[in-house]
Amino acid sequence: MKKNMGALDRFIRLVVALIIVVLFYRDILSSTIGVVLLVVAGIFTVTSFVSFCPLYSLVGLNTCKVKK
């Protein structure tokens, strides 16, 4: 897997994932939508740590800065 996510993308995904988790455990998000968003938060977290997003590669997007 070639990295295709930049630092800003990774940071934003981690912040969004953290917000979703906090909202879920404070019972602001509940039922099915809460569980679905919790799964999305997990996916965001994993993709942030590995710096690779499969959706980015499908659409040809790359936000990772190239080192010269």
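This text goes with the structure placed above it.
Residues numbered from 1 in each chain as written. Predicted model: local features only at pLDDT ≥ 70, side-chain atom pairs only at ≥ 80, totals over all residues. Heavy atoms only, no water.

## Let's talk about the overall build of the protein chain
How we decide: A run of H or I in DSSP counts as a helix once it spans at least four residues, and a run of E counts as a strand once it spans at least two, with each numbered from the N terminus. Based on C-alpha atoms, the radius of gyration is set beside the globule rule, defined as 2.2 Å times the residue count to the power 0.38. In this scheme, a residue with accessible area under 20% of its type's maximum is buried, one over 50% is exposed, and one in between is partly exposed, where area comes from a 1.4 Å probe on protein chains only. Any two residues whose heavy atoms approach within 4.5 Å are treated as being in contact. The method behind every accessible area is Shrake-Rupley, applied with a 1.4 Å probe, and residues are considered shielded solely by the protein chains displayed.
When its secondary structure is counted, the protein chain shows 3 helices and 0 strands. Listing the helices and strands of the protein chain from first to last along the sequence gives α-α-α. Since a compact globule built from 68 residues should have a radius of gyration of about 11 Å, the 14 Å found for the protein chain marks it as more spread out than a globular shape. In terms of overall dimensions, the protein chain has C-alpha extents of about 45 × 20 × 15 Å along its principal axes. Buried positions account for 25% of the 68 residues belonging to the protein chain. When contacts within the protein chain are restricted to residue pairs at least 6 apart in sequence, those whose partners lie at least 24 apart make up 75%. Of the roughly 5,200 Å² of accessible surface on the protein chain, a fraction of 72% belongs to carbon and sulfur atoms.

## Some remarks on helix H2 (residues 31-50)
Rule in force here: Residue count minus one, scaled by 1.5 Å, sets the expected span of a helix. Here, the arc refers to the directions that run from the helix axis to the C-beta atoms.
The terminal C-alpha atoms of H2, which comprises 20 residues, lie 29 Å apart, in line with the 28 Å expected from a rise of 1.5 Å per residue. Of the positions making up H2, those classed as buried are Gly 34, Ala 41, Thr 47 and Ser 48. Projected down its long axis, H2 shows its buried positions confined to an angular sector of 145 degrees, all on one face. The outward face of H2, more than 90 degrees from its buried face, is lined by the exposed residues Thr 32 and Val 46.

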